[in-house]
Amino acid sequence: MRTLPLPTGGEMPVLGLGTWRMGEVASRRAAEVAAVREAIVLGYRLIDTAEMYGEGGAETVLGQAVGEALRAGDVRRDELFIVSKVYPHNASRRGTREACERSLKRLGLDAIDLYLLHWRGSHPLSETVEAMHALVAGGRIDHWGVSNFDTDDMDELAGVVGSGPACAANQVYLSLGERGPEFSLLPWLRERGMPLMAYSPIDQGALAGDDALGELAQRLGVTAAQLALAAVIARPGVVAIPKAVRSAHLQENLAAVELKLDAATLAELDHLHPPPRRKTPLAMI
């Protein structure tokens with residue numbers, strides 16, 4: 001698995017597993033735990049979740065799966081890169097700490113590798129950053145970052161980080177169908193060596209049914225979903241975290257990492273899904 005360096009040290013795999021919509025229905029829990037377990041066995045090492053997903057349900061699913069995988073010897077803890085997020089309304093100095101402790105308990109972990117502010121809320125960024133710095137100092141998280149922050153948000157954030165650990169990543173909606181961040185946000189992040197984590201990189205599965213993309217993918221001997229995913233992680237500085245539960249989709253997404261896109265293919269993709277020509281508001285799901 002290829003990796004990207006983090007500006008705060010260490011590295012992150014370019015492809016991971018998303019867990020949005022997991023943990024919402026009790027009857028699906030066993031299947032979801034099994035899917036995460038299979039992902040780990042297949043070689044996924046980056047797994048993304050949030051306290052918002054299923055109101056802690058996704059973290060519980062992930063915690064059970066990781067615990068079982070560790071006990072079975074399928075993986076070592078230091079091989080995994082676990083990401084979670086704090087709700088904006090919890091992101092005060094005290095609230096961030098307490099939310100992190102709840103997430104750690106659900107995950108069954110001593111530390112979270114990367115802890116993100118899910119989106120901007122009413123609490124001052126300076127308070128959230130202070131809380132993040134304290135969590136790093138206390139060994140409860142290794143890195144901190146943000147999600148759904150546009151370029152102006154990142155500029156403001158940079159002004160309040162101070163002498164503590166820098167922001168390590170920004171997770172936003174980026175796909176062939178939603179390329180807005182490529183205009184100014186992605187260049188901003190690249191200049192600072194900060195990975196962009198792309199959520200919904202296949203447009204929640206919609207690109208798998210894109211006829212024009214499917215025709216190009218067929219010529220390359222891959223699926224439309226694989227081509228869409230490969231196009232996202234072909235961009236320097238970008239990590240993708242598609243959600244998958246079915247075994248076939250887990251394997252299909254993982255194989256996309258090996259797909260190398262030449263200049264002609266990238267140009268055709270730009271024709272099918274043009275890059276942005278101007279700044280647009282950051283899209284969110």
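Residues numbered from 1 in each chain as written. Predicted model: local features only at pLDDT ≥ 70, side-chain atom pairs only at ≥ 80, totals over all residues. Heavy atoms only, no water.

Undergrad: So what exactly am I meant to see when it comes to the environment of Val257 here?
TA: Residue position: Val257 is located in the loop between helix H9 (247-255) and helix H10 (263-272). For Val257, a relative accessible area of 4% translates into the label buried. In this structure the C-alpha to C-alpha distance between Val257 and Ile202, which are 55 residues apart in sequence, comes to 14 Å. In this structure Val257 touches Met1, Arg2, Val14, Leu15 and Ile233, once residues within four positions along its chain are discounted. (Helix = DSSP H or I, 4+ residues; strand = E, 2+ residues; numbered from the N terminus. Buried < 20%, exposed > 50% of the residue type's maximum accessible area, 1.4 Å probe, protein only. Contact = heavy atoms within 4.5 Å.)

Undergrad: Just checking my understanding: could you explain the packing of helix H3 (residues 93-107) against helix H4 (residues 125-137) for this structure?
TA: For any two helices packed against each other, one specifies the crossing angle of their axes together with the interaxial distance. Orientation of H3 relative to H4, taken along the N-to-C sense of each, is 45°, at an axis distance of 8 Å. Classified by the angle their axes make, H3 and H4 are oblique. Crossing geometry of H3 relative to H4 is assigned as right-handed. Mapping the contact onto sequence places Arg93, Thr96, Arg97 and Cys100 in H3 and Glu127, Thr128, Glu130, Ala131, Met132 and Leu135 in H4. Looking at the contact of H3 with H4 residue by residue, the class counts come to 4 nonpolar, 2 polar and 4 charged. (Axes fitted to C-alpha atoms, helices over the stretch in contact; angles between N-to-C directions. Parallel < 35°, antiparallel > 145°, perpendicular 65-115°, else oblique. Left-handed = near helix turned anticlockwise from the far one by under 90°. Nonpolar A, V, L, I, M, F, W, Y, C, P; charged D, E, K, R; others polar.)

Undergrad: Any chance you could explain the side chain of Glu127 here in plain terms?
TA: Among the structural elements, Glu127 can be located in helix H4. Here Glu127 falls in the buried class, since its relative accessible area comes to 19%. The residues contacting Glu127, other than those within four sequence positions of it, are Ser92 and Arg93.

Undergrad: Sorry, what's going on with helix H1 (residues 29-42) here?
TA: Residues three or four positions apart in an α-helix share a direction because the helix packs 3.6 residues into each turn. With 14 residues, H1 should reach 20 Å at 1.5 Å per residue; the first-to-last C-alpha distance of 20 Å fits that figure. Every buried residue of H1 is listed here: Glu32, Val33, Ala35, Val36, Ala39 and Ile40. On an axial view of H1, the arc spanned by its buried residues comes to 155°, and they lie on one face. Along H1, the residues that are exposed and aim more than 90 degrees away from the buried face are Ala30 and Val41. Where H1 is buried, its residues meet strand S3 (16-18), strand S4 (46-48), helix H2 (57-72) and H9. Positive backbone phi, approximately 125°, marks Gly43, located one or two places after H1. (Expected span 1.5 Å × (residues − 1). Arc of directions from axis to C-beta.)

Undergrad: Sorry, what's going on with unusual backbone geometry here?
TA: Peptide bonds are trans in most cases, and residues, glycine excluded, mostly fall at negative phi. Despite not being glycine, Arg21 shows a phi value in the positive range, around 75°. Position of Arg21 among the secondary structure elements: in the loop between S3 and H1. Backbone geometry places Glu55, a non-glycine residue, at a positive phi of 50°. Note on Glu55: relative accessible area 58%, which makes it exposed.

Undergrad: Is there a simple way to explain the pattern of salt bridges in this structure?
TA: Think of it this way: side chains of opposite charge can pair up when their charged atoms draw near. Inspection of every chain in the model, using the stated rule, returns 21 salt bridges. Two residues, Asp74 and Arg37, come together in a salt bridge whose shortest N-O distance is 2.6 Å. Linking Asp74 in the loop between H2 and strand S5 (81-86) with Arg37 in helix H1, this pair joins segments that are 37 residues apart in sequence. We note a salt bridge from Arg93 to Glu130, for which the minimum N-O separation is 2.5 Å. (Salt bridge = Lys/Arg side-chain N within 4 Å of Asp/Glu carboxyl O.)

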